[in-house]
Amino acid sequence: MAQARISAGQSIAAHAVLITYTLIALFPVFVILINSFKSRKAIFAEPLALPTRDTFDLIGYTTVLKQGDFFGYFQNSMIVTVASLFFVLIFGAMAAFALSEYRFRGNLLTGLYLALGIMIPIRLGTVAILELMVASGLVNTLMALILVYTAQGLPLAVFILSEFMKQVSDDLKNAGRVDGLSEYTIFFRLVLPLVRPAMATVAVFTMIPIWNDLWFPLILAPAESVKTITLGSQVFIGQFVTNWNAVLAALSLAILPVLVLYLIFSRQLIRGITAGAVK
Amino acid sequence: MSGRRQIRWHIAVFLAPAVLVYTAIMIVPLFGTLNLSLFNQTPERTKEFVGLSNFRTLFGDPRWSGAFWNALGNNAWFFVVHMLVQNPIGILLAALLSSPRLRMAAFYRTAIFIPTILSFVIVGFVWKLILSPIWGIAPGMLDVVGLKSLFAPWLGKEDYALTALALVSVWQFVGIPMMLIYAALLTIPDEVLEAAEMDGITGMSQFWKIKLPLILPSVGIISILTFVGNFNAFDLIYVAQGALAGPDFSTDILGTFLYRTFFGFQLQLGDPHMGATIATAMFGIILIGVCIYLFGIQTRLRRYQF
């Protein structure tokens, strides 16, 4: 039906535009990756050539892994991201359930209060957050970052999840109540598993800014032992501006983990974004 | 049902963790910042209430106001570039992706979104390397198409640096408008499009006359998200040009100005009170922008229900 009307010419034009933009999007990443495997001479002689047997060189990677504590940074980033994600999802889902399931005085107001944070960035409170962390002795701990990112992620999580929780069938929940399940059991056993796709979307949207953040690690946790990989590679690359092999290898090492995670989750992400848009 | 209403403790239990963390880490510090901007440090290292005089200094004192208006102007240009380049490209890509029976749509979607997941650190350095006259990828590529004379060390020239960085940021974030518009386009029912086709409205005119009016609310949301994001930007400039936002402050935006003021940089000493004043000014700017959108634009957008 609708499809037959699309002419071959239009389709070719569409593909041409999309391929061009895909090349623009991927080209820089590609250049960095191939050059990180080349010797210094080859990097400059032919920056766009693939590494060959002659030009293949891992010197960049060995320098990087010897110099910086990349595994330590990676571990810190993992701990912060996973812990913040856990708290955002669990606290966010609980609040979203309360707001979408029960009628009580102040429901709308609480919802608006929590949604405020979507529009106002937490960064503007940095000055006072730093004072708070200094006062509570949390500066240079991963805990400080986890708390900040949890607060930062909650507004959007509550907003998205409560939309989805409204769609969970009332009959199911009431059947649970008749069977004598407590409200807590209904939430954890019945509702949570049903909103899993929405949780995945929230997870991706929350995770990317946390993993990539430079501002709060720089301000709240700049010490060597608690550096995240984003801050770590920033400092590291800054020191090695003239060692091109090392810089390219450090960039590749920073790109790969996110890339792998994204490729694993990308289907979930698309499904989550377009959920509700299915005709 | 028993006539007496019990206190339903489970509601409080469900709400408490989120509300507590959010209030303690986000709302209270935000007000703390607003409050801090009303004080100043005396020579005896005590706090002194000065009312709005910090704002007078920021907007009026030539030592501060020059830097502030420069940062604000640069930030406005940064935003304009995003609105003129990022959002139209995002809408175009989404429109192409949503055409039915397009092959490899999933591949394009995944690939075009990849820059968005990369950190500013990576993006900043990657583009610094590519645009670097030393490595010569950019001049080399321009040479292939015969435009080598156009090459300039863009990031190092006062006239071009900010625009170049804004375009790098566009490259990074074009995936977000693309995804949101894509989702919006998928919600348009087939019947509407078929009816349009019966009336002979197809192709480009179908996009302009039918689809675009229907997705305008999403375009509005993207604009306000771009606005909030741009007026908070810091990372890309910091990574590519450092906290001094060179060359000669030509890429200084509010985020880097706040960072430099609060923490100090090189010869400049950090000043928490002026830092808080700048943060409050940013808060005000964002609030004004959001209000203009909510009351001036959003209420005028027509929504269609199917």
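Focus: unusual backbone geometry
Logical step 1: Look at Asn 140 of chain A: it is not a glycine, yet its phi comes out positive at around 60 degrees.
Logical step 2: Residue placement: Asn 140 of chain A occurs in the loop between α6 (126-135) and α7 (142-165).
Logical step 3: Take Asn 140 of chain A: there are 17 C-beta atoms within 10 Å of it, and that puts it in the partly exposed class.
Logical step 4: Residues other than glycine seldom take positive phi values, yet Met 104 of chain B does so here, at roughly 60 degrees.
Logical step 5: The residue Met 104 of chain B is located in the loop between α3 (62-97) and α4 (105-117) in this model.
Logical step 6: Residue classification places Met 104 of chain B among the exposed residues on the basis of 12 C-beta atoms within 10 Å.

As for the interface of chain A and chain B
Logical step 1: Contacts between chain A and chain B engage 66 residues on the former and 68 residues on the latter.
Logical step 2: Each residue belonging to the side of chain A that touches chain B can be placed in one class, and the counts come to 48 nonpolar, 13 polar and 5 charged.

Regarding the nonpolar core
Residues and elements named next belong to chain A.
Logical step 1: Ranked by internal contacts, the top residues of the largest apolar core, which has 159 residues, are Ala 95, Val 148 and Leu 161.
Logical step 2: Domain assignment of the residues forming this core places at least three in each of domain 1 (2-57) and domain 2 (67-274).
Logical step 3: Sequence-distant contacts of Leu 161, that is, excluding residues within four places in its chain, are made with Gly 92, Ala 93, Ala 96, Val 195, Ala 198 and Val 202.

Section: the domain arrangement of chain A
All names here are of chain A.
Logical step 1: In terms of domains, chain A is made up of domain 1 (2-57) and domain 2 (67-274).
Logical step 2: One C-alpha centre belongs to domain 1, the other to domain 2; they are set 32 Å apart.
Logical step 3: Taken together, the contact pairs 7 residues of domain 1 with 7 residues of domain 2.
Logical step 4: If one sorts the elements of the side of domain 1 that touches domain 2 by residue count, helix α1 (residues 8-36) sits on top with 5 residues.
Logical step 5: Within the side of domain 1 that touches domain 2, the residues separate by chemical class into 4 nonpolar, 2 polar and 1 charged.

Rules used throughout
Residues numbered from 1 in each chain as written. Chains lettered and ligands numbered in written order. Predicted model: local features only at pLDDT ≥ 70, side-chain atom pairs only at ≥ 80, totals over all residues. Helix = DSSP H or I, 4+ residues; strand = E, 2+ residues; numbered from the N terminus. Buried ≥ 20, exposed ≤ 12 C-beta atoms within 10 Å, placed from the backbone. Contact = placed C-beta atoms within 7 Å. Nonpolar A, V, L, I, M, F, W, Y, C, P; charged D, E, K, R; others polar. Core = buried A, V, L, I, M, F, W, Y, C linked by C-beta atoms within 7 Å. Domains from an automatic or database assignment.

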